[in-house]
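Topology and contacts: notes
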Amino acid sequence: MKSSSKHWDTIFSNTEDSKLGWYEKNALQALELLNQIPEWEKSTIFIPGAGTSVLIEELLSRGIKLILNDISIEALNRVKDRLNDKGEKIAWLCQDIAQPIQGTLPEVDIWIDRAVLHFLTDEDDINGYFENVKSTLTTGGYAIFAEFSKIGAPKCAGLTLHRYSIEELSEKLGLSFKLISHFEYTYTNPYGDPRPYIYALYKKKI
């Protein structure tokens, strides 16, 4: 089954955040990579699959300008309710990130993908996603990825995954991106199951 807004709306409508299979209490791994980026707290950050991640509040507390996208309007509405008036300065976008981004975005300095790309399994969708990364990021900007590794589970949320190695991520981004840092991390989900991830930081060359 292909990832769709209906599929994700159903999940976010029926499941508490803490029961979601990808729920994390903190965003330490993303912050580890962000802290390798000079003056990152002055950046505009785009999150292509924001979901209901606690990373959102972590970034807001640092005064970050945020653009949040998700294919699920239910997820975005839950975040809006959670933030109340703290979400007024966020730019909200609800679309399939494999398709060309609708509307005009401000310059994006950092792209953060935690567990979104690996849900795209159609080659055209994967290519469309990477075209958005390349066209959205400003020159000299950074991209952070956190995806199921090659030894990770083949499915999540009832969907088949495209799992990644660092070599494939680098190939998809192409020669205009330089790998800055990467590490493997095994996340334990709320049900106690290990989920091997690969985390990577890239810089778009000047």
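Keep in mind that this is a model prediction, so the values were computed, not measured.

**Concerning the overall build of the protein**
Per the secondary structure count, the protein includes six helices and nine strands. For the protein, whose C-alpha radius of gyration is 16 Å, the value lies close to the compact-globule estimate of 17 Å for 206 residues. Principal-axis analysis of the C-alpha atoms places the extent of the protein at approximately 45 × 40 × 30 Å. Per-residue burial over the protein gives 51% buried out of 206 residues. Partitioning the intrachain contacts of the protein with sequence separation of at least 6 by distance along the chain shows that 67% fall at a separation of at least 24.

**Description of empty space enclosed by the protein**
Per the stated rule, a full pass over the model turns up two cavities of 30 Å³ or more. Here the largest cavity defines a volume of roughly 610 Å³. In terms of lining residues, the largest cavity is bounded by 40 residues, among which Gly49, Gly51, Arg114, Ala115 and Val116 are the most central. For the lining of the largest cavity, the elements supplying multiple residues, two or more each, are α1 (5-14), α2 (28-34), β4 (108-114), β5 (137-148) and β9 (194-204).

**Concerning helix α5 (residues 123-136)**
Taking 1.5 Å per residue, 14 residues should reach 20 Å; α5 reaches 20 Å between its end C-alpha atoms and fits that length. For α5, the complete set of buried residues consists of Asp125, Ile126, Gly128, Tyr129, Phe130, Asn132, Val133 and Thr136. Each element contacted by the buried residues of α5 is listed here: β4, β5, α6 (166-173) and β8 (177-188).

**Brief notes about the nonpolar core**
Membership of the largest hydrophobic core comes to 43 residues, with the highest contact counts inside it found for Leu34, Trp40, Ile45, Leu59 and Ile112. Tyr129, Ala143, Ile166 and Phe177 belong to the second largest nonpolar core, which has 26 residues in total.

**What about the pairing of β5?**
Counting buried positions over the 12 residues of β5 gives 10, a clear majority of the element. Direction of pairing for β4 relative to β5: parallel, over a ladder of six bridges. Paired with isoleucine 112 across the strands is isoleucine 144, a residue of β5. Pairing between β5 and β9: seven bridges, direction antiparallel. Counted as the bridge partner of alanine 143 is tyrosine 202 from β9.

**Points about the side chain of serine 43**
Counting through the fold element by element, serine 43 comes out in the loop between α2 and β1 (44-47). In this structure serine 43 comes out as buried when scored by relative accessible area, which is 9%.

**So, the pattern of salt bridges**
Going through the model one piece at a time under the given rule, you end up with nine salt bridges. Among the salt bridges present, the one from aspartate 17 reaches arginine 82, with a minimum N-O distance of 3.3 Å. With aspartate 17 in the loop between α1 and α2 and arginine 82 in helix α4 (residues 73-83), this pair connects stretches of sequence that are 65 residues apart. In this structure, the salt-bridge partner of lysine 172 is glutamate 123, at a minimum N-O distance of 2.6 Å. Residue lysine 172 is located in helix α6, and its partner glutamate 123 is located in helix α5; the two are separated by 49 residues in the primary sequence. Using a relative accessible area of 19% as the deciding quantity, one classes lysine 172 as buried. On the basis of relative accessibility, which here comes to 40%, the residue glutamate 123 falls in the partly exposed class. Each member of the salt-bridge network shares a partner with another, and the members are Asp17, Glu57, Arg78 and Arg82.

**Topic: the packing of aromatic side chains**
Summed over the entire model, instances satisfying the criterion amount to 12 aromatic pairs. Look at tryptophan 8 and phenylalanine 119: their rings are 4.9 Å apart centre to centre, the planes differ by 80°, and that puts the pair in the edge-to-face class. Here tryptophan 8, found in helix α1, pairs with phenylalanine 119, found in the loop between β4 and α5; they are 111 residues apart in sequence, far enough to count as distant. Residue tryptophan 8 is classed as buried on the basis of its relative accessible area of 7%. Given a relative accessible area of 10%, phenylalanine 119 falls into the buried group. In this arrangement the basic side chain of lysine 80 is found over the ring face of tryptophan 92, its NZ or CZ atom lying 5.0 Å from the centre. A cation sits over an aromatic face here: arginine 114 above tyrosine 187, 5.2 Å from the ring centre.

Definitions and limits used
Residues numbered from 1 in each chain as written. Predicted model: local features only at pLDDT ≥ 70, side-chain atom pairs only at ≥ 80, totals over all residues. Heavy atoms only, no water. Helix = DSSP H or I, 4+ residues; strand = E, 2+ residues; numbered from the N terminus. Rg over C-alpha atoms; globule rule 2.2 N^0.38 Å. Buried < 20%, exposed > 50% of the residue type's maximum accessible area, 1.4 Å probe, protein only. Contact = heavy atoms within 4.5 Å. 1 Å grid on protein atoms, 1.4 Å probe; cavity = no way out; pocket = protein on both sides within 12 Å on 5 of 7 lines; lining within 4 Å. Points joined across faces, edges and corners; volume = space filled by probe spheres on them. Expected span 1.5 Å × (residues − 1). Core = buried A, V, L, I, M, F, W, Y, C linked by side-chain atoms within 4.5 Å. Pairing = 2+ DSSP bridges. Salt bridge = Lys/Arg side-chain N within 4 Å of Asp/Glu carboxyl O. Phe/Tyr/Trp six-rings, centres within 6.5 Å; stacked < 30°, edge-to-face > 60°. Lys NZ or Arg CZ within 6 Å of the ring centre and 35° of its normal.

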